[in-house]
Amino acid sequence: MTAATPPLVLELRPAESRHYASWGERLETVARHSRPDELHALCEEAYALGARAVLAVVDAPIREALLAFQRWRDVPVWAVVPNMFAFIRDLTDLGMVGAARARFTRLGPAAMVRTGLGAVSRLGAIRRRDFATGTTLVAEMELAALRGLRVTRLFLHPQVTEVALAGGVSAAFTALADRAERLGIEAGIVTHNPLRAAAVLGRELGRFAAVVAPCNPKGYKMFPDREACEQLYRREPGRFIAAEVSAGDAVAPGPALAHVRALGLAGAVLDPRFVERAFRAGT
Amino acid sequence: MSARPPLRAAVVGAGRMGMVHGHLLQVHPETELVGFVDRDTSLAEHLASQGLRAPLYPSVAALYAAAPPDAVFVCTPTHTHVAVVRECLARRVHLFVEKPLATSRADAEAILRLATDAGVMHAAGYVYAHLPVVQAAHDLVAAGALGELLRFTAHAYVSEVFGPKKGWFFQKEQAGGGVVANMASHVLFILGWYFGAIRRLAASTRSHFSTVDDSAQVLFTFANGVTGLLDTSWSVPGTQMLDYGLAVDGRNGTLVLRRERILLHLLAPAAGHDAGWNEIHASDLPADTAFDVSPHIGGEAFYRQLQSFVDACRTGVLPFCSLAEACNTQRMIEAIYASAAAGAPVDA
């Protein structure tokens, strides 16, 4: 990438949770990205392009790859928790208690004690199935399970974020920001609805170091529309990081990043397809 | 903001889909969420904690007494739909019913009859049909871009069932079936919307892990002569959300529908497209969406689905996703299970 390239962030999440151009491409990519060594190589490709952070929904292969990557590179992880697809699958198979237990048993002894004590102090809210409490508890357990990784920013999974934004549940976000502060890291937001986020959070938005939201020259996934989103971004470009920069693979890497640069945003999130394409092209 | 009074809507069934609809009804500028109905009233605090501010009532009657709505969203388990719809239509309310419409063709047709007799607007929750690329592909087929339609291949896969499963969703008598009724039905709806009524089909289904069908293969003959194949499974690896695809051949070309694009190959120019390969990407199509409630699953389709229902209630013109179209889907579902059970083709 060129000197004028905006700061880049590699986005990793289970390959099964992405869309692909064909079933064949899906199977080929999912199989390849189930291997930690392939994911590690992808991280190196992103690093060569200029990526200096990894925004990650962490599963076992991604965790292993990131552990290996961070041994060699001083690149922080921006953790997105909880892994919602895995959580929903566990909810269906195991129920709420079983899903929570599965996460609890993955923790180290110290984290188990901390989580257990934290849960005891919130028993009433847990019994009432309080959304913010449940989300925070699951997120905390998944975060604790990331031991060994250098995590500098914390995000809620977008499937949780959009529900919280729809309901105007600012408590889910402030709990995340509080948790991040206690850990000495920053909180962020990943959303397709940045205007709603700004409306729901108001001044509290300032507690979130990064808002990752779609930004591309086609207005793809920019809700309610490109103009409104860009107006918001221009007010405080340093807070926003562009996602969906290739508009679902419709915009080439060069023009995609030039668009982000023109808006002056704080960075751009690159998905693996973008990274592999740009790396091959030697952009 | 619309100058018209909002459409007052209630949600019956406060499960996962009920909550999604509740959120959208709260966010949409032309709708007002006036209540939930669920027998499990202990859900009230859970709903409130999600910012779903409307009261929870233990019955439709209690809802009607306290906050009579203009429209009702039926999101209860499938086997209860017909009874819930009958109860809801004690009052003249517009009706949205989650998919699949019912556990049987007879129940689906009973629901359609009830709605038709009540003279209300109605729609079914086949959400993927509201994605801009799916609608654009429909418009190309309907405009005759492919010429005479000949054949198709389709698939619907998801990685969900790899062992025994619990809950109503995996009980045939409550859910209406397995992967065919609950996942592939999204694609069946699209096929019916594109090609019309089914004439005959031959199907086989298998249960790999659960007690319902985990995979199926279906050979279709539609009334308009289109033939095609659907392969579906929720026991394949590689995809956490529904991966679907459709390729249609006509005398003038081929259309390939995928999640984010349409590939169109035409022998002669048609419908504003040149001969040869054309690509229509989702980013070239209007999204018309103010809020994305589920970025990874369904995306803007949820908002567009609600908008189409609101428009129908406003204009009195049934949407393309009406219960009549959903009945066509139900006929396919029932025929697939009948053919699989008989081990022979069946007329639908």
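The structure presented is a predicted model; accordingly, all values stated were derived computationally and were not measured.

Report on the overall build of chain B, specifying residues and quantitative values.
Each helix and strand counted, chain B has 10 helices and 15 strands in total. Along the longest, intermediate and shortest principal axes, the C-alpha atoms of chain B span 60 × 50 × 40 Å. Taken over 348 residues, chain B has a buried fraction of 56%. Sequence separation of at least 24 residues holds for 69% of the intrachain contacts in chain B that already meet a minimum separation of 6.

Would you mind going over the overall build of chain A in detail, with residue names and values included?
Check the secondary structure of chain A and you find 13 helices and 8 strands. Relative to the globule expectation of 19 Å for 283 residues, the C-alpha radius of gyration of chain A, 18 Å, shows essentially globular dimensions. Once the C-alpha set of chain A is aligned to its principal axes, its extents read approximately 50 × 40 × 35 Å. Taken over 283 residues, chain A has a buried fraction of 49%. Sequence separation of at least 24 residues holds for 71% of the intrachain contacts in chain A that already meet a minimum separation of 6.

Describe in detail the domain arrangement of chain B, supporting the description with residues and values.
Residue and element names in this part refer to chain B. We note that the domain assignment places domain 1 (7-127) and domain 2 (129-347) within chain B. Using only C-alpha atoms to locate each centre, domain 1 and domain 2 end up separated by 24 Å. On the domain 2 side, the residues contacting the 35 residues of domain 1 number 39 residues. Sorting the residues of the side of domain 1 that touches domain 2 by element identifies helix 1 (16-27), strand 5 (94-97), helix 5 (105-118) and strand 6 (122-124) as the ones contributing at least two each.

Account for the packing of helix 8 (residues 158-167) of chain A against helix 1 of chain B, naming residues and giving values.
Interaxial distance between helix 8 of chain A and helix 1 of chain B falls to 9 Å at its minimum, and their mutual angle equals 45 degrees. In terms of orientation, helix 8 of chain A and helix 1 of chain B fall into the oblique class. In the packing of helix 8 of chain A onto helix 1 of chain B, the handedness of the crossing is left-handed. Here helix 8 of chain A contributes A:Val163, A:Ala166 and A:Gly167 to the contact with helix 1 of chain B, which in turn contributes B:His23, B:Gln26 and B:Val27. Split by residue class, the contact of helix 8 of chain A with helix 1 of chain B holds 3 nonpolar, 3 polar and no charged.

Would you mind going over the packing of helix 8 (residues 179-195) of chain B against helix 10 (residues 323-342) of chain B in detail, with residue names and values included?
Residues and elements named next belong to chain B. Where helix 8 meets helix 10, the closest approach of the two axes is 9 Å, and the angle between their N-to-C directions is 125 degrees. What the angle tells us is that helix 8 and helix 10 run oblique. Every pair of crossing elements has a handedness; the one defined by helix 8 and helix 10 is right-handed. When helix 8 is examined against helix 10, the residues Val180, Ala181, Ser185, Leu188, Phe189, Gly192 and Trp193 are found in contact with a partner set consisting of Glu325, Ala326, Asn328, Thr329, Met332, Ile333 and Ile336. Here the contact of helix 8 with helix 10 is built from residues that sort into 9 nonpolar, 4 polar and 1 charged.

Tell me about the sheet that holds strand 9 (residues 215-222) of chain B, and please be specific about residues and values.
Either a parallel or an antiparallel arrangement is found when strands of a sheet pair, and the pairing is made through backbone hydrogen bonds. Residues and elements named next belong to chain B. Read across the sheet, 9 strands follow the order 14-13-12-11-7-10-9-8-15 without closing on themselves; strand pairing throughout is mixed. Unpaired on one side and paired on the other, strand 14 (276-281) and strand 15 (346-347) mark the two borders of the sheet. Pairing geometry for strand 9 and strand 10 (residues 227-233), over 7 bridges, is antiparallel. Across the sheet, Ser215 pairs through a bridge with Ser233, a residue of strand 10. Sitting on the sheet, helix 6 (residues 132-142) is in contact with strand 7 (149-157), strand 11 (243-250), strand 12 (253-257), strand 13 (261-266) and strand 14, with an inclination near 165 degrees to strand 12.

Tell me about the interface of chain A and chain B, and name the residues and values.
At the junction of the two partners, chain A supplies 35 residues and chain B supplies 31 residues. Counting only elements with at least two residues in the side of chain A that touches chain B, the list comes to helix 1 (23-32), helix 4 (84-105), helix 7 (131-144) and helix 8 of chain A. The element that contributes the greatest number of residues to the side of chain A that touches chain B is helix 8 of chain A, accounting for 6 residues. Tallied by class, the residues present in the side of chain A that touches chain B amount to 17 nonpolar, 10 polar and 8 charged.

So, helix 8 of chain B: which residues are in play, and what are the values?
Residue and element names in this part refer to chain B. In the structure, helix 8 departs most strongly from a straight axis at Ser185, where the bend amounts to approximately 65 degrees. By the criterion of burial, helix 8 is predominantly enclosed, with 17 of the 17 residues buried. Of the residues one or two after helix 8, Gly196 is the one with positive phi, at around 95 degrees.

So what's going on with the sheet that holds strand 8 (residues 267-270) of chain A? Which residues, and what values?
All names here are of chain A. As summarised here, the arrangement of the 8 strands in space is 1-2-3-4-5-6-7-8, forming a closed barrel in which the pairing is parallel. Geometrically, the sheet is characterised by an average inter-axis angle of 25 degrees between neighbouring strands, direction not taken into account. For strand 1 (residues 8-12) and strand 8, the ladder comprises 3 bridges, and the chain directions are parallel. Residue pairing across strands places Leu8 opposite Ala268, the latter belonging to strand 8. Sitting on the sheet, helix 7 touches strand 3 (77-81) and strand 4 (151-156), and the angle it makes with strand 3 is about 140 degrees.

A description of the nonpolar core should follow, citing residues and the corresponding values.
Core analysis: the largest hydrophobic core is formed by 210 residues, its most contacted members being A:Val54, A:Ala56, A:Ala79, B:Val12 and B:Ile336. With 13 residues, helix 8 of chain B is the largest single contributor of residues to this core. Domain assignment of the residues forming this core places at least three in each of domain 1 (7-127) and domain 2 (129-347) of chain B.

Quick rundown of the pairing of strand 13 of chain B? Include the residues and the values.
Residue and element names in this part refer to chain B. As paired elements, strand 12 and strand 13 share 5 bridges and run antiparallel to each other. Of the residues in strand 13, the one forming a bridge with Thr254 is His265. Summarising the sheet, strand 13 and strand 14 pair through 6 bridges and their orientation is antiparallel. Across the sheet, residue Ile262 finds its bridge partner in strand 14, namely Ile280.

I'd like to hear about helix 2 (residues 36-49) of chain A, residue by residue, with values.
Residues and elements named next belong to chain A. Helix length check: helix 2, at 14 residues, gives a terminal C-alpha distance of 20 Å against a target of 20 Å (1.5 Å per residue), a fit within 8%. Within helix 2, the full set of buried residues consists of Leu39, Leu42, Cys43, Ala46 and Leu49. Summarising the axial view, the buried residues of helix 2 lie within an arc of 120 degrees, below the 170-degree limit, and thus occupy one face. Check the buried side of helix 2 and you find it contacts strand 1, strand 2 (51-56), helix 3 (60-72), strand 8 and helix 13 (272-281). After helix 2 finishes, the residue Gly50 shows a positive phi value of roughly 120 degrees.

Analysis parameters
- Residues numbered from 1 in each chain as written.
- Chains lettered and ligands numbered in written order.
- Predicted model: local features only at pLDDT ≥ 70, side-chain atom pairs only at ≥ 80, totals over all residues.
- Helix = DSSP H or I, 4+ residues; strand = E, 2+ residues; numbered from the N terminus.
- Buried ≥ 20, exposed ≤ 12 C-beta atoms within 10 Å, placed from the backbone.
- Contact = placed C-beta atoms within 7 Å.
- Rg over C-alpha atoms; globule rule 2.2 N^0.38 Å.
- Domains from an automatic or database assignment.
- Axes fitted to C-alpha atoms, helices over the stretch in contact; angles between N-to-C directions.
- Parallel < 35°, antiparallel > 145°, perpendicular 65-115°, else oblique.
- Left-handed = near helix turned anticlockwise from the far one by under 90°.
- Nonpolar A, V, L, I, M, F, W, Y, C, P; charged D, E, K, R; others polar.
- Pairing = 2+ DSSP bridges.
- Bend = angle between axes of the 7 residues up to and from the residue.
- Core = buried A, V, L, I, M, F, W, Y, C linked by C-beta atoms within 7 Å.
- Expected span 1.5 Å × (residues − 1).
- Arc of directions from axis to C-beta.

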